[in-house]
Amino acid sequence: RIGRGDLAGAAAALAQFDHAPPTPAGESEHPVTEQHLDGRLLHCELALAQGHARDAATCAVALRELVESQPAPALFRPVALSAELLAGRAEAAQGHAAQAVRHFAEAAALAAPFGQDSLFLAEALAGEAKAREAAGDTALAGPLAARAEAIARAQGARWPLPGL
């Protein structure tokens, strides 16, 4: 719903999610479940979509810290990656180019296990390129953008990638 611009519908769906019964005990050996983390990520995304970039950045960083505090954080790598991408977008929306670069670079590192041709990596590189350009670092921005575009086109994705 967020992607379609239905922010009120997304907020209502998240409110229902927040009141859903908890995951049965024993279903996961981890203190939090992927469902819980995904719900937190959606709250962060909704904050950014509603124009609350500062709250979205804070939310995404807290989510990444929660993932890293888990006994096996690698199991939740997609959530950590999504949180870093969101933190980068939120920092960029606030005009904090240096912080955005840091988050997008971290997202690129998290994307490595998904392969050098993954759309996760393309999104991270494209975000880092835009943030570096905003910071005045055009020497690195150009090659990063070119690599992101090459990955996206090889995967048949639209360019530029939506959301960046």
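Model, not experiment: these values are computed from the prediction.

(A) Quick peek at the state of the cysteines. Summed over all chains, the structure comprises 1 disulfide. Two residues share a disulfide in this structure: C44 and C59, whose sulfurs sit 1.9 Å from each other. Of note, the bridge from C44 to C59 carries an S-S torsion of about -75° and is left-handed in sense. On the criterion of sequence distance, the pair formed by C44 in helix α2 (residues 34-49) and C59 in helix α3 (residues 53-68) is long-range, its members being 15 residues apart. There is no split in this pair, since C44 and C59 are both buried.

(B) Quick peek at α3. End to end, α3 covers 22 Å across 16 residues, agreeing with the expected 22 Å (1.5 Å per residue, within 8%). For α3, the complete set of buried residues consists of A53, A56, A57, C59, A60, L63, R64, L66 and V67. Elements in contact with the buried residues of α3: α2, α4 (77-93) and α5 (97-111).

(C) Layout of the pattern of salt bridges. Taken as a whole and assessed by the stated rule, the structure comprises 7 salt bridges. In this structure, the salt-bridge partner of R64 is E84, at a minimum N-O distance of 2.7 Å. Of this pair, R64 sits in helix α3 while E84 sits in helix α4, and the two are 20 residues apart along the sequence. The exposure classification of R64 matches that of E84, with both residues buried. The salt bridge partner of E106 is R64, with a shortest N-O separation of 3.3 Å. Taken as a pair, E106 in helix α5 and R64 in helix α3 lie far apart in primary sequence, 42 residues in all.

(D) Here's a closer look at the environment of A141. On the secondary structure map, A141 appears in helix α7 (residues 138-154). Counting along the chain gives 15 residues from A141 to A126, while the straight-line C-alpha distance between them is 8.6 Å. Here A141 is in contact with A129, R132 and E133, once residues within four sequence places are set aside.

(E) Structural detail: the side chain of R64. According to the relative accessible area criterion, R64 is buried, its value standing at 12%. Among residues more than four places away in sequence, those in contact with R64 are A80, A83, E84, E106 and L110.

(F) Quick peek at the confidence of the model for the protein. Here the protein averages 87 in pLDDT, and 84% of its residues register 70 or above. Of the regions scoring below 50 in pLDDT, residues 19-29 engages in 3 contacts with residues more than four places distant in sequence or in other chains.

Cut-off values and rules
Residues numbered from 1 in each chain as written. Predicted model: local features only at pLDDT ≥ 70, side-chain atom pairs only at ≥ 80, totals over all residues. Heavy atoms only, no water. Disulfide = S-S within 2.5 Å. Helix = DSSP H or I, 4+ residues; strand = E, 2+ residues; numbered from the N terminus. Buried < 20%, exposed > 50% of the residue type's maximum accessible area, 1.4 Å probe, protein only. Expected span 1.5 Å × (residues − 1). Contact = heavy atoms within 4.5 Å. Salt bridge = Lys/Arg side-chain N within 4 Å of Asp/Glu carboxyl O. pLDDT = per-residue confidence, 0-100.

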